[in-house]
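Results of the structural survey
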Amino acid sequence: MRYWLFPLIFIQCLCINAQTLNMAATIGLSISHPKDLEPFWGNEAGIKGEYMFIPNKDFYFSSALSIVNKGWNMNIFDLGGKQHKWECDVFYLEVPLYVGYKHELSNSTNIFFELGPYLAIGLWGHSRLNIGEESFNNKNVFLNDYRRIDSGGRINAGFGFRQWSWSLGYSHNIIKPTKGEWEMINPQGSSWHLNISYIF
């Protein structure tokens, strides 16, 4: 139950002073660049809230509740020199906390920049490796091989037009995800995020 306390607190905070809170739905791509491993293309989707410190001013506080897909690829070679791909695919419930600055270019357009830490809880994940007729599949990497908690920092910069916004983000995790038999594998690293959001 403790894993769900932080998201529940986040949802409760969204209900406070809703008159100065903007809500949005967001989707996007997440490109993982883990250390010493091949990149992984994932996706993310969720809701976000933006709270102005002072109405009609430039600085704001924002957060989100998103499902983020991360992972990695590794090339494995058998005794015959044939290459095989080992892929790990994991999903997190991620809650970032941002402080941002928004500058209006006109009544309908703006540019913004935000940064802050994030906390993520592992939901599910699996890995796949096929070598010839043999399959080495892990249907739940969080049981023994992956840590359930992830955290780090993220920055976003983007452009807004009316109810839409587009952003490019960069994040870096500070916790090594692997444990146990996977301890020698280090997928800790950075990710790029490309998102589009709609304010409702």
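The shown structure was predicted, so the numbers you read here are calculated from the model rather than taken from an experiment. (Residues numbered from 1 in each chain as written. Predicted model: local features only at pLDDT ≥ 70, side-chain atom pairs only at ≥ 80, totals over all residues. Heavy atoms only, no water.)

A few words now on the confidence of the model for the chain. When pLDDT is averaged along the chain, the result is 85; 86% of the residues meet or exceed 70. Of the regions scoring below 50 in pLDDT, residues 14-18 engages in 4 contacts with residues more than four places distant in sequence or in other chains. (pLDDT = per-residue confidence, 0-100. Contact = heavy atoms within 4.5 Å.)

Within the largest apolar cluster, 15 residues are counted, with the highest numbers of intra-cluster contacts made by W72, Y146 and W182. With 4 residues, strand β4 (residues 83-104) is the single largest residue contributor to this core. Residue contacts for W182: discarding those within four places in its chain leaves W72, W86, C88, S127, N138, V141, D145 and Y146. (Core = buried A, V, L, I, M, F, W, Y, C linked by side-chain atoms within 4.5 Å. Buried < 20%, exposed > 50% of the residue type's maximum accessible area, 1.4 Å probe, protein only. Helix = DSSP H or I, 4+ residues; strand = E, 2+ residues; numbered from the N terminus.)

Applying the stated criterion to the full structure yields 11 aromatic pairs. Ring geometry for W72 against W182: centres 5.9 Å apart, planes inclined by 70 degrees, an arrangement best described as edge-to-face. A residue pair is termed long-range when its members are at least 10 positions apart, and W72 in strand β3 (residues 59-77) and W182 in the loop between β8 (164-173) and β9 (189-199) qualify at 110 residues. Grouping residues by exposure puts W72 and W182 together as buried. Here W86 and W182 contribute two aromatic rings whose centre-to-centre distance is 5.5 Å and whose plane-to-plane angle is 90 degrees, an arrangement assigned as edge-to-face. Note that W86 is positioned in strand β4 and W182 in the loop between β8 and β9, a separation of 96 residues in sequence. (Phe/Tyr/Trp six-rings, centres within 6.5 Å; stacked < 30°, edge-to-face > 60°.)

Okay, the pairing of strand β2 (residues 40-52) next. Pairing of strand β1 (residues 21-34) with β2 involves 12 bridges; the strand directions are antiparallel. Each residue of the ladder has a partner; that of A25, found in β2, is I47. In sequence, β1 turns back onto β2 through a hairpin of 5 residues, with D36 there showing a positive phi of about 65 degrees. (Pairing = 2+ DSSP bridges.)

For the rest of this paragraph, the subject is the pattern of salt bridges. Scanning the model with the defined rule gives 8 salt bridges in all. Across the pair K70 and E94 runs a salt bridge, and its minimum N-O distance is 3.9 Å. With K70 in strand β3 and E94 in strand β4, the pair connects residues that are 24 residues apart, well separated along the chain. The exposure classification of K70 matches that of E94, with both residues buried. When the shortest N-O distance is used, the salt bridge between R154 and E94 registers 3.7 Å. Residue R154 is found in strand β7 (residues 149-161), and its partner E94 is found in strand β4; the two are separated by 60 residues along the sequence. Judged on exposure class, the residue R154 and its partner E94 are both buried. A single network of salt bridges, built from pairs that share partners, joins E44, K70, E94, D150 and R154. (Salt bridge = Lys/Arg side-chain N within 4 Å of Asp/Glu carboxyl O.)

It is worth spelling out empty space enclosed by the protein at this point. Evaluation of the coordinates by the stated rule reveals 2 cavities of 30 Å³ or more. By volume, the largest cavity amounts to about 220 Å³. In terms of lining, the largest cavity is formed by 22 residues, of which the most central are T26, E44, K48, R154 and N195. Top contributing element to the lining of the largest cavity by residue count: β3, with 5 residues. A per-class count over the lining of the largest cavity returns 7 nonpolar, 10 polar and 5 charged. By volume, the second largest cavity is sized at about 180 Å³. Secondary structure elements with two or more residues in the lining of the second largest cavity: β1, β3, β4, β8 and β9. (1 Å grid on protein atoms, 1.4 Å probe; cavity = no way out; pocket = protein on both sides within 12 Å on 5 of 7 lines; lining within 4 Å. Points joined across faces, edges and corners; volume = space filled by probe spheres on them. Nonpolar A, V, L, I, M, F, W, Y, C, P; charged D, E, K, R; others polar.)

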